[in-house]
Amino acid sequence: DAGITQSPRHKVTETGTPVTLRCHQTENHRYMYWYRQDPGHGLRLIHYSYGVKDTDKGEVSDGYSVSRSKTEDFLLTLESATSSQTSVYFCAISEGAEASSYEQYFGPGTRLTVT
Amino acid sequence: AQTVTQSQPEMSVQEAETVTLSCTYDTSESNYYLFWYKQPPSRQMILVIRQEAYKQQNATENRFSVNFQKAAKSFSLKISDSQLGDTAMYFCAFIPSNTGKLIFGQGTTLQVKP
C-alpha cells in the first residue's frame, strides 16, 4: 500500500457539469499520474505531474485539466463532463527520482458515470 | 507510435497448473522498463513483476516469472502452480526511458478453475 487515496470513489453526474476528482498521497513522492480505464483500451494516461505546479499532457488529455498546488494532492477536473468521459479513473505515484525507472503504484480508482 | 499488444483477451487454467500470458511491444528505444500488473475483481492495480531492458536475466517473483526476448520485443508472464487468487485481469506495460510515461496493453483476463 503506497498510501494513495482517491475521492470520491463513485460519482454520477450530468452532461455539462464540472467534476473534480482528487488524489491524495501520504509519502511526498514527486511524480503523480491520472489514467482512465475503458474496456478494450487498458489504462491510458491523461495527465501527469513531476512536481508542485509542474504538469504535462498524456495520451488522452482533451477535455481534462489538472492542478497540483501541494505535493500530496493532484486534482483532475472535467470542465464540462460528456458521456464519453464515463470511465474508471486511476491515480498513480512513482517513487523514484526519475519517472521512467521506477514502477508506479495505483490508487483504488474512481468510477465516474456521466448521464 | 509506441504500443503494447496482448493478443489473448481471455485465458483459463486449472488450479495448480502453469499458464503463460503473451505480450509484445513496439519501440525504437534501447532502454526501457517492462511491467506486469494484476487487476483482480476488486479493481485494485497490483504490480506483479518488473524487468529492466538492459538486463538479460529474466525477472522472477515467487510463482511469477517472465520470458524477456528483447530482439523479438516480447515479454511473456508465466504463472506456476496457479491459485484461485490469481484470477484477475493482467496488464503488460512499459516505460520508454525518454518519456517516463507508462504504456499499457489491452489486458488478458485469466480465470483459474478449481
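In case you missed it, the structure is sitting above this.
Residues numbered from 1 in each chain as written. Chains lettered and ligands numbered in written order. Predicted model: local features only at pLDDT ≥ 70, side-chain atom pairs only at ≥ 80, totals over all residues. Heavy atoms only, no water.

Chemist: When you look at the overall build of chain A in this model, what are you seeing that I'm missing?
Modeler: When helices and strands are tallied, chain A shows 0 helices and 11 strands. In sequence order, chain A lays out its α and β elements as β-β-β-β-β-β-β-β-β-β-β. A globule of 115 residues ought to have a C-alpha radius of gyration of about 13 Å, and chain A, at 13 Å, matches this closely. When its C-alpha atoms are laid out on the principal axes, chain A stretches across 40 × 30 × 25 Å. In chain A, buried positions account for 53% of the 115 residues. Taking the intrachain contacts of chain A between residues at least 6 apart in sequence as the baseline, contacts between residues at least 24 apart amount to 55%. The average position of the 11 basic charges and that of the 14 acidic charges among the side chains of chain A differ by 5 Å. (Helix = DSSP H or I, 4+ residues; strand = E, 2+ residues; numbered from the N terminus. Rg over C-alpha atoms; globule rule 2.2 N^0.38 Å. Buried < 20%, exposed > 50% of the residue type's maximum accessible area, 1.4 Å probe, protein only. Contact = heavy atoms within 4.5 Å. Lys, Arg positive; Asp, Glu negative; His and termini not counted. Charge placed at Lys NZ, Arg CZ, Asp CG, Glu CD.)

Chemist: For this particular structure, what's the right way to read the state of the cysteines?
Modeler: Between two cysteines, a covalent bond joining their sulfur atoms is known as a disulfide. Scanning the model with the defined rule gives 2 disulfides over all chains in all. The disulfide partner of Cys23(A) is Cys91(A), and the S-S distance across this bridge is 1.9 Å. Because the sign of the S-S torsion sets the handedness, a value of about -70 degrees for the bond joining Cys23(A) and Cys91(A) places this disulfide among the left-handed ones. In this pair, Cys23(A) is assigned in strand β3 (residues 19-25) and Cys91(A) in strand β9 (residues 87-94), connecting sequence segments 68 residues apart. Note on cysteine connectivity: Cys23(B) is disulfide-linked to Cys92(B), with sulfurs 2.0 Å apart. Measuring the twist about the S-S bond at about -70 degrees, one finds the Cys23(B)-Cys92(B) disulfide to be left-handed. Remark: Cys92(B) occurs in strand β10 (residues 88-96) and Cys23(B) occurs in the loop between β3 (19-21) and β4 (24-26); sequence separation between them is 69 residues. The exposure class of Cys23(B) is buried, given its relative accessible area of 1%. Here Cys92(B) falls in the buried class, since its relative accessible area comes to 1%. (Disulfide = S-S within 2.5 Å.)

Chemist: It is not clear to me how the sheet that holds strand β1 (residues 4-7) of chain A should be interpreted in this structure. Could you clarify?
Modeler: Backbone hydrogen bonds hold the strands of a sheet together, and the pairing may be parallel or antiparallel. All names here are of chain A. Strand order in this open sheet of 4 strands is β1-β3-β8-β7, and the pairing throughout is antiparallel. Strands with a single pairing partner mark the edges of an open sheet, and in this sheet they are β1 and β7 (64-70). Between one strand and the next, the sheet's axes are offset by a mean angle of 20 degrees, whatever the strand orientation. As paired elements, β7 and strand β8 (residues 73-78) share 5 bridges and run antiparallel to each other. Considered in β8, the bridge of Ser67 is made with Leu75. (Pairing = 2+ DSSP bridges. Axes fitted to C-alpha atoms, helices over the stretch in contact; angles between N-to-C directions.)

Chemist: Just checking my understanding: could you explain unusual backbone geometry for this structure?
Modeler: Trans peptide bonds make up the majority, and among non-glycine residues the majority have a negative phi. Between Ser7(A) and Pro8(A) the backbone carries a cis peptide bond, its omega angle lying at -10 degrees. You can see Pro8(A) is positioned in the loop between β1 and β2 (10-13). Positive phi is not limited to glycine here, since Asp81(B) has a value of about 50 degrees. Residue Asp81(B) is classed as partly exposed on the basis of its relative accessible area, which comes to 40%.

Chemist: Please explain the nonpolar core as it appears in this structure.
Modeler: Nonpolar side chains tend to gather and get buried jointly when the protein is soluble and globular. All names here are of chain B. Counting 25 residues, the largest nonpolar core has Tyr25, Trp36, Phe75, Leu77 and Tyr90 as its most contacted members. Every element with two or more residues in this core is listed here: β3, β5 (32-39), β6 (46-52), β8 (64-69), β9 (74-79), β10 and β12 (108-113). Per-element tally for this core: the top contributor is β10, with 4 residues. If near-sequence neighbours (up to four positions away) are discounted, Tyr25 is found in contact with Thr3, Val4, Tyr32, Leu34, Phe68, Gln69, Lys70, Lys73, Ser74, Phe75 and Phe94. (Core = buried A, V, L, I, M, F, W, Y, C linked by side-chain atoms within 4.5 Å.)

Chemist: Help me out: how do you make sense of the layout of surface pockets in this one?
Modeler: It is the rolling of a water-molecule-sized probe over the atoms that shows where space remains empty. Approximately 320 Å³ is the volume found for the largest pocket. Taken together, 17 residues form the lining of the largest pocket, with Arg44(A), Glu59(A), Gln2(B), Ile103(B) and Phe104(B) sitting closest to its centre. Those elements that provide at least two residues to the lining of the largest pocket are β5 (42-51) of chain A together with β1 (3-5) and β11 (103-104) of chain B. Broken down by element, the lining of the largest pocket gets its largest block of residues, 3 residues, from β5(A). Taken together, the residues of the lining of the largest pocket break down into 6 nonpolar, 8 polar and 3 charged. (1 Å grid on protein atoms, 1.4 Å probe; cavity = no way out; pocket = protein on both sides within 12 Å on 5 of 7 lines; lining within 4 Å. Points joined across faces, edges and corners; volume = space filled by probe spheres on them. Nonpolar A, V, L, I, M, F, W, Y, C, P; charged D, E, K, R; others polar.)

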